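What the coordinates show
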Amino acid sequence: MHQLENLYRQIIMDHYKNPRHKGLTDDKNYFTHHIKNPSCGDDITIQTRIENQTIKDVRHDGSGCSICCSSASVLASLMIGKDIDHAEKLTLNYLSMIMNRPFDEDLDLDDAMAYQGVKQFPARIKCATIAWKAFENTIKEWSESHE
Ligand code: ZN
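Worth saying up front: this structure is predicted, and the values here are computed from it rather than measured. (Residues numbered from 1 in each chain as written. Predicted model: local features only at pLDDT ≥ 70, side-chain atom pairs only at ≥ 80, totals over all residues. Heavy atoms only, no water.)

**Some remarks on the coordination of the zinc ion**
- Around the zinc ion, the protein contributes the donor atoms C40 (SG), D42 (OD), C65 (SG) and C127 (SG), which lie 2.1 to 2.4 Å from the metal centre.
- What the four donor atoms of the zinc ion show is an angle range of 100 to 120 degrees at the metal, which sorts the shape as tetrahedral.
- Look at where the donors of the zinc ion fall in the sequence and you get C-x1-D-x22-C-x61-C. On the criterion of sequence distance, the pair formed by C40 in the loop between β1 (31-37) and β2 (42-51) and C65 in the loop between β3 (54-63) and α2 (66-79) is long-range, its members being 25 residues apart.
- The class for C65 is buried, based on a relative accessible area of 15%. (Donors = N, O, S within 2.8 Å, 3.2 Å for Na, K, Ca; no water. Tetrahedral: all angles 85-135°; square planar, octahedral: opposite > 155°, others 65-115°. Helix = DSSP H or I, 4+ residues; strand = E, 2+ residues; numbered from the N terminus. Buried < 20%, exposed > 50% of the residue type's maximum accessible area, 1.4 Å probe, protein only.)

What follows is the structure, encoded as structure tokens:
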């Protein structure tokens, strides 16, 4: 178990130090959602391009603690290329995992599994979820415009 925790810590620090898909675009075809976490100073913007029911691109930028910033990078890496229904399932599953609710361990959350220990630290739950909630809001906005 200790080794697994080390591995998870390495994944989080790697995404924090070498964030993937970082930097925003002014392309108007992207959905943009922004969330702040005043308790920790986290401030994250997620941009998503959706085409043909598929997540074509996810961009992120902002500032905050290592858990918050790294989770935006993990989110972007995981979601690009997924179809929107699958992306929504992954998002809800991740949020359940972090909030210590039952979740489907067979759904492949990839590097996002590294955050499952966060549920033991209630003060950090918001840090691990704001990027994902911004992405969830994106999916909601997309769904509402495609009913
Ligand atoms: Zn934070």
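**Some remarks on helix α1 (residues 2-17)**
- Helix length check: α1 (16 residues) gives 22 Å between terminal C-alpha atoms against 22 Å at 1.5 Å per residue, within 8%.
- Listing the buried residues of α1 in full gives Y8, I11, I12 and H15. Looking down the long axis of α1, one finds its buried residues gathered within 90 degrees of arc, a one-sided arrangement. Opposite the buried face of α1, by more than 90 degrees, sit the exposed residues H2, Q3, R9, Q10 and K17.
- Turning to α1, the residues buried within the fold contact α2. (Expected span 1.5 Å × (residues − 1). Arc of directions from axis to C-beta. Contact = heavy atoms within 4.5 Å.)

In short, geometric facts, not functional conclusions.
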